[in-house]
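Descriptive structure summary
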Amino acid sequence: MSTTIPAEETTERSESPTPARLWHDRVPMWLLTTLLVLTGLYVVTQADRYGHTYDEAFQDEYGTATYRWYFSLGEDTSFLNFDPVLHMPEHGPVFEFLVAFAQFTFGGADHWYVRALVCGIGGAAGIVGMALCGYELGGWWGSFLAAAGLALYPRYTGAVFNNSKDIPLAVAMIFILWMTLRLLRRWNTGREWILDSLLLGVVIGIGVSVRINALLWLGVVGLAALVWWARHGRAAVREKAWWPELRKQLLAGLAIGAATYLTIIVTWPYIALNPVSGLPDVLKNMSAYPWDGNILFNGELVHASTRPRDYVPRWLLVASPLPTVLLALLGTGLIVADLVRRRLTDLRVLAGAALFFVPFVLLLVTRPVLYNGPRHFLFIVPGLILLGAYAVQRTAGALATTRAASERARYVVAALLVVDLVGGYAHSVVATVRLYPYEYVYFSPIVGGYADARGKWEGDYWGSCQRSAMDWLLANRFRYPVPNEPPSIGGFPYGSPSIPPGWSPVYAAEGDYSIDYEPWPLPPGYEVIHTVEVDGLPLCNVGRRMSYS
């Protein structure tokens, strides 16, 4: 008896494929290839078009300090010297290190362009990873639907060039899921499960070294084993096959756990210096991150530590394309129905759903400090998209096998599916074009898009519009002279690469010029000389002291 839940084949084989079969296989391959080519072109051509975020300079310095620790063989410990309030050493550095490695390798190239390009490549890798996950779950159509779902998620693609924490974590979680699906598929094929278990541990360790959140997947792996025993344990005991299976699972768990921890030590200097107490300290500090600030939520200012209980689901609703949400709800309903009827035979489907539901439930129960809209839980969005891809394929499959007596119903359901996919995502694409290059302020038509959500929800929380504002000021400041040369500039965060060389940054204090952004308006005594707009609405202002007029 096979003691594992059987994995369904992702593709059907036929010795003499029919034209319909060829169309079914090749069309999604062509679509996926086109999507990946467009993604690559997008990264290469747009890396220098997006703004800088308010903490990008800190992350860049942290990556450089981590790079120096490795290449000094541990002698340079400057990564420990950041302001203790920032807890920088307790943040996973692996992606920042990769960025710094590229910057030092290509030292002749523009420092910040290399950073944006590496971040963009990382974001594109997430779309490739979604294609791999989709293929495991649903063949070529599943591959295309999953990859396209992520590519058409504006708050993902609009942040790939300047978010070196939340985007890489989402990418890491995607590849963690892919390795999990691969392990489940190859569980009964010789000794391949040993290598797959080790590789899964390595990928989990890398994910943890991006953000500690990835550690939750070890719990998902344990949960998968419990699900197996709940469904097959009695049969295994009855047929005296329980011990070989238990031993195999224990060995796999040991391999995953050991590979995870060793990878964390290798890729995280702070843990390498504190191999026993480091990880527990990080878990303790990050689970109660001391961010003391207010956030704009549904028209009200609330403290991040006392945010409403519906913060996570509400943000997913208002910040996601409508088809993503509707299809995910349908996919959830289909999975629940299959579980109730005991018709779900592929554990990989539950693993894909776990990418969304496990962290989602944990966020609701533990209520960690969250701010900046949905960016801290962006890593659960790929799971949401996979639920939707599953729903599309299940619905399409049901329509294809519906009896002729139900032709009218079939056409109605098919029409609704097409309208949801084409119409909904067309709206998303149009909105994305209108918001460019600030797609991460996308809002669903449920709340009226960005135009109606502005002033009720956090928008440009990272101030990336300041780069465009500074570019305008450099080109036009001769029309608005100030007595100091070089002038001073206020409103920028520490170390912002948008500040021109030689200019005197005064940060929160008043300068000759000042550039605001959504959460921080211009101080009194300034005249607005330019406004950066998106979709016809102000995003940030350039100000000059009124006394200079």
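My aim in this report is to walk through the structure given alongside it, one point at a time. No experiment lies behind these values; they were computed from the predicted model shown.

Now for the overall build of the protein chain. Helix and strand content of the protein chain: 18 helices and seven strands. For 549 residues, the compact-globule estimate of 2.2 N^0.38 gives 24 Å, and the protein chain sits close to it at 25 Å. If you line up the protein chain on its principal axes, its C-alpha atoms span 85 × 65 × 45 Å. By the burial criterion, 51% of the 549 residues in the protein chain qualify as buried. A separation of at least 24 residues holds for 72% of the contacts in the protein chain among residues at least 6 apart in sequence. With 41 positive and 43 negative side-chain charges, the protein chain shows a separation of 11 Å between the mean positions of the two kinds.

What follows covers the packing of helix α8 (residues 216-238) against helix α14 (residues 347-366). Helices that pack against each other are described as a pair by the angle of their axes relative to one another and the distance between those axes. Between α8 and α14, the shortest axis-to-axis distance is 10 Å and the interhelical angle comes to 130°. Here α8 is positioned oblique relative to α14, judged by the angle of their axes. As for the relative orientation of α8 and α14, their crossing is right-handed in sense. Facing α8, whose interface residues are Leu216, Trp217, Val220, Leu223, Ala224 and Val227, α14 presents Leu347, Leu350, Ala351, Ala354, Leu355, Val358, Pro359 and Leu362.

Locating Arg211 in the fold gives a position in the loop between α7 (192-208) and α8. On the accessibility criterion, Arg211 (15% relative accessible area) is buried.

Here the focus is the sheet that holds strand β7 (residues 537-545). Read across the open sheet, the five strands follow the order β4-β3-β5-β7-β6; overall the sheet is mixed. Two strands lie at the open edges of the sheet, namely β4 (504-507) and β6 (526-534), each paired on one side alone. The average angle at which neighbouring strand axes cross in this sheet is 25°, direction not considered. Examined bridge by bridge, strand β5 (residues 513-515) and β7 share three bridges and lie antiparallel to one another. Counted as the bridge partner of Tyr513 is Arg544 from β7. Together, β3 (488-490), β5, β6 and β7 form the strand contacts of helix α18 (residues 465-476), whose direction differs from that of β7 by roughly 45°.

The next subject is the pattern of salt bridges. Under the criterion given, the structure shown has 17 salt bridges. The salt bridge involving Arg185 is made with Glu136; its shortest N-O contact spans 2.8 Å. Here the residue Arg185 occupies a position in helix α6 (residues 166-185), and Glu136 occupies one in helix α4 (residues 111-151), the gap between them amounting to 49 residues. Among the residues examined, Arg185 registers a relative accessible area of 38% and is labelled partly exposed.

Here is what the cut-offs are and how they apply
- Residues numbered from 1 in each chain as written.
- Predicted model: local features only at pLDDT ≥ 70, side-chain atom pairs only at ≥ 80, totals over all residues.
- Heavy atoms only, no water.
- Helix = DSSP H or I, 4+ residues; strand = E, 2+ residues; numbered from the N terminus.
- Rg over C-alpha atoms; globule rule 2.2 N^0.38 Å.
- Buried < 20%, exposed > 50% of the residue type's maximum accessible area, 1.4 Å probe, protein only.
- Contact = heavy atoms within 4.5 Å.
- Lys, Arg positive; Asp, Glu negative; His and termini not counted.
- Charge placed at Lys NZ, Arg CZ, Asp CG, Glu CD.
- Axes fitted to C-alpha atoms, helices over the stretch in contact; angles between N-to-C directions.
- Parallel < 35°, antiparallel > 145°, perpendicular 65-115°, else oblique.
- Left-handed = near helix turned anticlockwise from the far one by under 90°.
- Pairing = 2+ DSSP bridges.
- Salt bridge = Lys/Arg side-chain N within 4 Å of Asp/Glu carboxyl O.

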